[in-house]
Amino acid sequence: AQKVTQAQTEISVVEKEDVTLDCVYETRDTTYYLFWYKQPPSGELVFLIRRNSFDEQNEISGRYSWNFQKSTSSFNFTITASQVVDSAVYFCALSEYTGGFKTIFGAGTRLFVKA
Amino acid sequence: DTGVSQNPRHKITKRGQNVTFRCDPISEHNRLYWYRQTLGQGPEFLTYFQNEAQLEKSRLLSDRFSAERPKGSFSTLEIQRTEQGDSAMYLCASSENTGNYYEQYFGPGTRLTVT
């Protein structure tokens, strides 16, 4: 069965620190997609990134970077030089081909960035 | 594109009442998904449609819940005889049926409070 685990419930950092949010997933599909979403206090889910199971290249977008490792079923997210505006709940999610691409979310990691 | 819209944004109801929520997906999207998010948790899949056909329902969707998408465009989610445990954010998402069908666009959600 598919599952997404975000072991870190809350993380607190001081502005300008780097922070890594962990995500471990389980799936039996060979075709699947992994996502990170941000949910600020306003509540709307904001799409950050998608990776498919055939593309293990890491990606960097500004201060954000993602490390996808199929060997350990992990898809970790790093924020470099964190800012107060990064404070939010971050969700890792999995969509499988055989599941009609319904999205299975982790429980989320709440990030507090203090000035 | 105007994005996925949901109405109402907030709903307060008394226990035992029926409520109905509406979701308008992005116009050319064939797939439509409903999720529920309770406080401190990630969104949980409820059901999804491809055009007007409801293809999968989670066991979270009890007999008191029903979802429809009569013309393959907007969808409604009805909860009968609401209970306090139904208090949550109800999220709708849509995606294409071809091409980037794995990429779901989320609406702002309907927050339900059952008193």
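What counts, and where the lines are drawn
- Residues numbered from 1 in each chain as written.
- Chains lettered and ligands numbered in written order.
- Predicted model: local features only at pLDDT ≥ 70, side-chain atom pairs only at ≥ 80, totals over all residues.
- Heavy atoms only, no water.
- Helix = DSSP H or I, 4+ residues; strand = E, 2+ residues; numbered from the N terminus.
- Buried < 20%, exposed > 50% of the residue type's maximum accessible area, 1.4 Å probe, protein only.
- Contact = heavy atoms within 4.5 Å.
- Salt bridge = Lys/Arg side-chain N within 4 Å of Asp/Glu carboxyl O.
- Polar contact = N/O pair within 3.5 Å; in protein donor to acceptor, adjacent residues only side chain to side chain.
- Disulfide = S-S within 2.5 Å.

K.L.:
Mind showing me how you'd approach the overall build of chain A here?
P.N.:
Along the backbone of chain A there are zero helices and 12 strands. Starting at the N terminus and ending at the C terminus, chain A contains elements arranged as β-β-β-β-β-β-β-β-β-β-β-β. The dimensions of chain A, computed from C-alpha atoms along their principal axes, are 45 × 25 × 20 Å. The burial tally for chain A puts 47% of its 115 residues in the buried class. If you take every contact in chain A between residues at least 6 apart in sequence, the share linking residues at least 24 apart comes to 55%.

K.L.:
Looking at this model, I keep getting lost on the pattern of salt bridges. Mind explaining?
P.N.:
Using the criterion set out here, one finds six salt bridges over all chains in the structure. Salt-bridge contacts for A:R51 lead to A:E59; the nearest nitrogen and oxygen are separated by 2.6 Å. Residue A:R51 is classed as buried on the basis of its relative accessible area, which comes to 8%. Close ionic contact of B:D86 with B:R64 constitutes a salt bridge, the shortest N to O distance being 2.8 Å. Of this pair, B:D86 sits in the loop between β8 (75-79) and β9 (88-95) while B:R64 sits in the loop between β6 (53-57) and β7 (65-68); the two residues are 22 residues apart in sequence, bridging distant segments of the chain. B:R64 matches B:D86 in its accessibility class, with the two residues each being buried. One connected set of salt bridges, linked through shared partners, spans A:R51, A:D55 and A:E59.

K.L.:
So what exactly am I meant to see when it comes to the interface of chain B and chain A here?
P.N.:
Accessible area lost upon the coming together of the parts is a frequently used measure of interface size. With 19 residues of chain B in contact, the opposing surface of chain A contributes 17 residues. Viewed at the interface, chain A and chain B are joined by zero salt bridges. Across the contact surface, chain B and chain A share three residue pairs in polar contact (both at pLDDT 80 or more). Listing elements by their share of the side of chain B that touches chain A, those giving two or more residues are β4 (31-37) and β5 (44-50) of chain B. Considering every element that reaches the side of chain B that touches chain A, the biggest residue donor is β4(B), with four residues.

K.L.:
Could you clarify how one ought to interpret the state of the cysteines in this entry?
P.N.:
By definition, a disulfide is the covalent link that joins the sulfur atoms of two cysteine residues. Applying the stated criterion across every chain, the model contains two disulfides over all chains. The disulfide partner of A:C23 is A:C92, and the S-S distance across this bridge is 1.9 Å. Handedness of the A:C23-A:C92 disulfide follows from its S-S torsion of about -65°: it is left-handed. In this pair, A:C23 sits in the loop between β3 (19-21) and β4 (24-26) while A:C92 sits in strand β10 (residues 88-96), placing the two residues 69 residues apart along the sequence. Here A:C23 matches A:C92 in class, with each residue buried. Residue pairing for B:C23: its cysteine sulfur links by disulfide to B:C92, the two sulfurs lying 1.9 Å apart. An S-S torsion of about -65° defines the bridge between B:C23 and B:C92 as left-handed. A residue pair is termed long-range when its members are at least 10 positions apart, and B:C23 in strand β3 (residues 19-24) and B:C92 in strand β9 qualify at 69 residues. Each member of the pair, B:C23 together with B:C92, is buried.

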